[in-house]
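# Commentary on secondary and tertiary structure
What follows is each chain in one-letter form.
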Amino acid sequence: VLAVIHLFFQPDTATKPEPIPFFRSSWDLLQALGMFATAFSFHLNVPLFYDELQGRTIQKMMRIVGHSYIVVCSCIALFIFFGCGAFGESAQPDIVNNFPKSSLYAWLRFGLGIMFICSYPFPHILTRNAIHKYAPKVPLPLLSALI
């Protein structure tokens, strides 16, 4: 054991290791913001969904969550399949950049932006209601302004 430690775990004095930063910031970090918002919304809203479930049991809720994961993963697999089929090796992580630069696709980008703007109220309303449930003294208009 000492021979293995001596041979393989000797520090290399010729090169000094680079320090690992505790926090590395870049614009790529903003790409994760949507994922964090979705996870936050999910964790706040699941108790509301459970309260509205008829004949609620933990097993029934877990079955619903399991089925929703299957549906979501299937949709993501379809998006990946058709995205790779349409764009091939030139597929970009940002879906808006995959479209060519033309006026038709500018309208598609505009429609995609409108879709993002119009779909925001759904998690917003659920999150507002979940916070109001745990902090009932905070008025809903104030929560709407803060979220």
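Located above this text is the structure these notes cover.
Now for a quick tour of the structure. (Residues numbered from 1 in each chain as written. Predicted model: local features only at pLDDT ≥ 70, side-chain atom pairs only at ≥ 80, totals over all residues. Heavy atoms only, no water.)

## Comments concerning helix α2 (residues 33–52)
When the terminal C-alpha atoms of α2 are compared, their 29 Å separation across 20 residues agrees well with the 28 Å that a helix rising 1.5 Å per residue should span. Most pronounced at Asn 45, the bend in α2 amounts to some 35 degrees, and the proline Pro 47 follows within four residues. Within α2, the full set of buried residues consists of Ser 41, Leu 44, Asn 45 and Leu 48. (Helix = DSSP H or I, 4+ residues; strand = E, 2+ residues; numbered from the N terminus. Expected span 1.5 Å × (residues − 1). Bend = angle between axes of the 7 residues up to and from the residue. Buried < 20%, exposed > 50% of the residue type's maximum accessible area, 1.4 Å probe, protein only.)

## Observations concerning a nonpolar patch on the surface
On the surface, Trp 27, Leu 30, Leu 33 and Phe 36 cluster together into a nonpolar patch covering about 540 Å² of accessible area. Among the structural elements, Phe 36 can be located in helix α2. (Patch = residues over 30% accessible without salt bridge, like charges linked within 9 Å, V, L, I, M, F, W, Y side chains within 5 Å. Areas by Shrake-Rupley, 256 points an atom, 1.4 Å probe, with all protein chains shown as cover. Salt bridge = Lys/Arg side-chain N within 4 Å of Asp/Glu carboxyl O.)

## Some details on the environment of Asp 51
In this structure, Asp 51 sits in helix α2. With residues near it in sequence (within four places) discarded, Asp 51 still touches Arg 56 and Lys 133. (Contact = heavy atoms within 4.5 Å.)

## A few points about the packing of aromatic side chains
A full pass over the atoms with the stated rule returns two aromatic pairs. A ring pair is formed by Phe 81 and Phe 82, whose centres lie 5.2 Å apart and whose planes are at 75 degrees; its orientation type is edge-to-face. Per residue, the accessibility class of Phe 81 equals that of Phe 82, and both read exposed. Plain terms: the ring middles of Trp 107 and Phe 110 are 5.9 Å apart, the flat faces sit at 85 degrees to each other, and that makes the pair edge-to-face. Taken as a pair, Trp 107 and Phe 110 lie in helix α4 (residues 103–119) at a separation of three residues, close to a single helical turn. As far as burial versus exposure is concerned, Trp 107 and Phe 110 are alike and both exposed. Arg 56 extends its terminal NZ or CZ atom over the ring of Tyr 50, reaching a point 5.9 Å from the ring centre. (Phe/Tyr/Trp six-rings, centres within 6.5 Å; stacked < 30°, edge-to-face > 60°. Lys NZ or Arg CZ within 6 Å of the ring centre and 35° of its normal.)

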